[in-house]
Amino acid sequence: MQNNKGVKIVLIAISVLFVFFLLVLPLISVIVNSLKKGFSFYLESVSTEYVTSALVVTLIATIITVVVNTFFGLVASWAVTKFTFKGKQVLATLIDIPFSISPVIAGLSYIMMFGRLGWANPIIEGINQALGTDIKIVFAVPGVVLATIFVTFPFVSRELIPVLNAQGTDEEEAAALMGAGGFTIFRRITLPHIKWALLYGIILCTARALGEFGAVNALSKTRGKTFTLPLEIDALYLSGSADSITASFAVSSILVIIAVVILILKNILEYRAKQVKGE
């Protein structure tokens, strides 16, 4: 028993040290360096035109991404867990593609699809000529949104599928036999069982969307127009001057603060979900 206690203490100590030195300490250093030149410089750094534009683009991409992937996650997870059809396993496998492909490759694939040499470019040009519009995908906000959707594609569905599998189909089948419609079954039976997993998936999707760099970098070109916060941070840091480096830490602190808020929400949801299970 004493040996087990010793092993427990060692494992806890190793875990705490790893978390502190690899996660907590770097984040603290970001906050400290962001205030290196004083609070007035910090406010000036996070309120420039470039940073404001990057924040707006980041929020637009994140909001659209969360809405799209939440809808897709609900539809795909319900289809995979509640119905039997040909290609079901293929669909379940394809959902995981963003986990195994580099985000940069995802960005390049969209360039090859919607860029000047892409097969979809003539279609877009035809629409622009017919409607008098100026639709652009690559090196524009729509490309940033598509890239963000791609990398966050599986998060909601992967939280819902295990819960729906554990729930089974007995309750839904009973409700259907009693004459309940599909939407009523989902709203009254399915949704109450998956609401915490759904919210958890949305939080994970949001966190990933806010911090995406690789895929967005491939599809974003103009600073002040299509840059997101991670790209703006990179641009500031690569500028090389002492002021711009400090400014990059200041802008980074915005993402750190958002990440902490998301982490708090995540823990609240986990705690609430455990309470509900215990009732």
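Here, the structure is the one placed above.
Residues numbered from 1 in each chain as written. Predicted model: local features only at pLDDT ≥ 70, side-chain atom pairs only at ≥ 80, totals over all residues. Heavy atoms only, no water.

(A) Looking closely at the overall build of the protein. The helix and strand inventory of the protein stands at 14 helices and zero strands. N-terminal to C-terminal, the α/β element order of the protein is α-α-α-α-α-α-α-α-α-α-α-α-α-α. Residues counted as buried form 38% of the 279 residues belonging to the protein. Taking the intrachain contacts of the protein between residues at least 6 apart in sequence as the baseline, contacts between residues at least 24 apart amount to 73%. In the form shown here, the protein has an accessible surface area of approximately 16500 Å², with 70% of it arising from carbon and sulfur atoms. Treating the 21 positive side-chain charges of the protein as one cloud and the 16 negative ones as another, the clouds have centres 4 Å apart. (Helix = DSSP H or I, 4+ residues; strand = E, 2+ residues; numbered from the N terminus. Buried < 20%, exposed > 50% of the residue type's maximum accessible area, 1.4 Å probe, protein only. Contact = heavy atoms within 4.5 Å. Areas by Shrake-Rupley, 256 points an atom, 1.4 Å probe, with all protein chains shown as cover. Lys, Arg positive; Asp, Glu negative; His and termini not counted. Charge placed at Lys NZ, Arg CZ, Asp CG, Glu CD.)

(B) Quick look at the packing of helix H3 (residues 49–82) against helix H11 (residues 182–211). Following both chains from N to C, one finds H3 and H11 inclined at 140 degrees, their axes separated by 9 Å at the closest point. With respect to their mutual orientation, H3 and H11 come out oblique. You can see that H3 and H11 cross each other, and the crossing is right-handed. Where H3 abuts H11, its residues Thr 58, Thr 62, Thr 65, Val 66, Asn 69, Thr 70, Leu 74 and Trp 78 lie against Gly 182, Phe 186, Thr 190, Ile 194, Leu 198, Ile 202, Cys 205, Thr 206, Ala 209 and Leu 210. (Axes fitted to C-alpha atoms, helices over the stretch in contact; angles between N-to-C directions. Parallel < 35°, antiparallel > 145°, perpendicular 65-115°, else oblique. Left-handed = near helix turned anticlockwise from the far one by under 90°.)

(C) The arrangement of unusual backbone geometry in detail. With a phi close to 60 degrees, Phe 139 is a non-glycine residue in the positive phi region. Of note, Phe 139 is situated in the loop between helix H7 (121–131) and helix H8 (141–152).

(D) Quick peek at helix H9 (residues 155–167). The terminal C-alpha atoms of H9, which comprises 13 residues, lie 19 Å apart, in line with the 18 Å expected from a rise of 1.5 Å per residue. Within H9 the residues assigned to the buried category are Phe 155, Val 156, Ser 157, Leu 160, Ile 161, Leu 164 and Gln 167. The first or second residue beyond H9 is Gly 168, which carries a positive phi of 80 degrees. (Expected span 1.5 Å × (residues − 1).)

(E) Expanded view of the packing of aromatic side chains. Scanning the entire structure with this criterion turns up six aromatic pairs. Geometrically, the ring pair formed by Phe 20 and Phe 21 is edge-to-face, given 5.2 Å between the ring centres and 85 degrees between the ring planes. Since its relative accessible area comes to 37%, Phe 20 is described here as partly exposed. An angle of 25 degrees between the planes, with centres 4.2 Å apart, marks the rings of Phe 72 and Phe 153 as stacked. Placement of Phe 72 in helix H3 and of Phe 153 in the loop between H8 and H9 is noted, with a sequence separation of 81 residues between them. An aromatic cluster of three or more residues is present, and its members are Tyr 110, Phe 114 and Phe 150. One residue, Lys 221, lies across the ring of Phe 139, its end atom 5.5 Å from the ring centre. (Phe/Tyr/Trp six-rings, centres within 6.5 Å; stacked < 30°, edge-to-face > 60°. Lys NZ or Arg CZ within 6 Å of the ring centre and 35° of its normal.)

(F) Expanded view of H11. Taking 1.5 Å of rise per residue, the 30 residues of H11 would be expected to cover 44 Å, yet its terminal C-alpha atoms sit only 37 Å apart, more than 12% below that figure. Its axis deflected by about 60 degrees at Leu 191, H11 carries its strongest bend there, up to four residues before the proline Pro 192. (Bend = angle between axes of the 7 residues up to and from the residue.)

(G) Here's a closer look at the side chain of Ser 253. Looking at where Ser 253 falls in the secondary structure, it is placed in helix H14 (residues 242–278). Among the polar contacts made by the side chain of Ser 253, one reaches the side chain of Tyr 42 at a distance of 2.7 Å. Apart from the residues lying within four places of it in its own chain, the contact partners of Ser 253 are Val 30, Ile 31, Ser 34 and Tyr 42. (Polar contact = N/O pair within 3.5 Å; in protein donor to acceptor, adjacent residues only side chain to side chain.)

(H) Examining the environment of Lys 5 more closely. Assignment of secondary structure puts Lys 5 in helix H1 (residues 2–34). A residue is classified by how much of its surface remains accessible, and Lys 5, at 52% relative accessible area, is exposed. For the pair Lys 5 and Gln 89, spaced 84 residues apart in sequence, the C-alpha separation works out to 45 Å.

(I) View of the pattern of salt bridges. All told, the structure shown has four salt bridges when counted by the stated rule. In this structure, the salt-bridge partner of Lys 37 is Asp 243, at a minimum N-O distance of 3.4 Å. Linking Lys 37 in the loop between H1 and helix H2 (39–46) with Asp 243 in helix H14, this pair joins segments that are 206 residues apart in sequence. Since its relative accessible area comes to 38%, Lys 37 is described here as partly exposed. On the basis of relative accessibility, which here comes to 41%, the residue Asp 243 falls in the partly exposed class. Put simply, Arg 223 and Glu 232 hold a salt bridge, and the shortest N to O gap is 2.7 Å. Under the relative-accessibility criterion, Arg 223 is labelled partly exposed at 28%. (Salt bridge = Lys/Arg side-chain N within 4 Å of Asp/Glu carboxyl O.)

(J) Quick look at a positive patch on the surface. On the surface, Arg 116, Lys 136, Lys 221 and Lys 225 cluster together to form a positively charged patch. Position of Lys 221 relative to the elements: it lies in the loop between helix H12 (214–219) and helix H13 (229–239). Among the residues examined, Lys 221 registers a relative accessible area of 59% and is labelled exposed. (Patch = residues over 30% accessible without salt bridge, like charges linked within 9 Å, V, L, I, M, F, W, Y side chains within 5 Å.)

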